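# Coordinate analysis (summary)
The residues making up each chain are set out below.
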Amino acid sequence: MRKATISRTTNETDIQLELTIDGEGNAQLETGVPFLTHMLDLFTKHGQFDLKVRAHGDIEIDDHHTTEDIGICLGQALREALGDKKGIKRYGNAFVPMDEALAQVVIDLSNRPHFEFRGEFPSGKVGTFDVELVHEFLWKLALEARMNLHVIVHYGRNTHHMIEAVFKALGRALDEATMIDPRVKGVPSTKGML
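Computed from a prediction, not measured in an experiment: that's the story for all the values here.

## Overview of the sheet that holds strand 2 (residues 13-20)
Within a sheet, adjacent strands bond to each other through the backbone by hydrogen bonds, running parallel or antiparallel. Spatial strand order, 1-2-4-3: four strands in an open sheet with mixed pairing. The open sheet has two free edges, formed respectively by strand 1 (3-9) and strand 3 (27-30), since each of these has just one partner strand. Put simply, the sheet's adjacent strands are angled 5° from each other on average, direction ignored. Pairing of strand 3 with strand 4 (residues 50-57) involves four bridges; the strand directions are parallel. In the strand pairing of strand 4, leucine 29 is matched with valine 53. Along the sheet, helix 1 (residues 34-47) contacts strand 3 and strand 4; its crossing angle with strand 3, the most-contacted strand, is approximately 165°. Those strands touched by helix 2 (residues 64-82) are strand 1, strand 2 and strand 4, and its axis lies near 35° from that of strand 2.

This is the structure:
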């Protein structure tokens, strides 16, 4: 079973996270950041992962440290759960509409961290959540998972819809990239390693 558990404790956050790649879309989430909880729930359901997160952070200051550190832990768990990456598809691509919004996520589980984001959100907040934290979360996820992550929000008017489309597409693209392909012998790289 491709699964990993990560614990991270700092002066700002205390996080326990468990990720099962070959799951059923079940989420048990206690983040203290309601909008992030909603997005992680969508990510988990659309990626068919199982995800447990228990996070306590300095949300009395703001949501930054908690959001960032959950991204770090999720990236570390993904990297650990994938192990040697033998047999995986490696690449994933998903377009997801959400009413008027359209997002695309493209992934390469290459062991080379890189993050690109294209898109403009019309508002700086969704409820109490700072929209700039979406970028922070995704960048730390890509860095710690050591993957290429390209996120394109093609268009949209409602910031909530746009971010929701991103997280659904993230789940679907990662599901595709992590799938075992019986045709792949070893790792999908001419280098012989990822």
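Back to the text.
## A word on the sheet that holds strand 7 (residues 114-118)
Sheet architecture is open: four strands sit in the order 5-6-10-7, paired in mixed fashion. In this open sheet, the two strands that pair with only one neighbour each are strand 5 (91-98) and strand 7. Strand-to-strand, the axes of this sheet are offset by a mean angle of 10°, without reference to chain direction. Contacts from helix 4 (residues 159-178) reach strand 5, strand 6 (101-108) and strand 10 (148-155), with the element oriented near 150° to strand 5.

## A word on the environment of glycine 57
In this fold, glycine 57 is placed in strand 4. Measuring from C-alpha to C-alpha, the distance between glycine 57 and leucine 74 comes to 16 Å, with 17 residues separating the pair along the chain. Residue contacts for glycine 57: discarding those within four places in its chain leaves Glu12, Thr13 and Thr66.

## Some words on helix 1
In this model helix 1 runs 20 Å from its N-terminal to its C-terminal C-alpha over 14 residues, within 8% of the 20 Å that 1.5 Å per residue would give. Considered for burial, the residues of helix 1 that qualify are Phe35, Leu36, Met39, Leu40, Leu42, Phe43, Thr44 and Gly47. One or two residues past the end of helix 1 sits glutamine 48, with phi positive at roughly 60°.

About the criteria used
Residues numbered from 1 in each chain as written. Predicted model: local features only at pLDDT ≥ 70, side-chain atom pairs only at ≥ 80, totals over all residues. Heavy atoms only, no water. Pairing = 2+ DSSP bridges. Helix = DSSP H or I, 4+ residues; strand = E, 2+ residues; numbered from the N terminus. Axes fitted to C-alpha atoms, helices over the stretch in contact; angles between N-to-C directions. Contact = heavy atoms within 4.5 Å. Expected span 1.5 Å × (residues − 1). Buried < 20%, exposed > 50% of the residue type's maximum accessible area, 1.4 Å probe, protein only.

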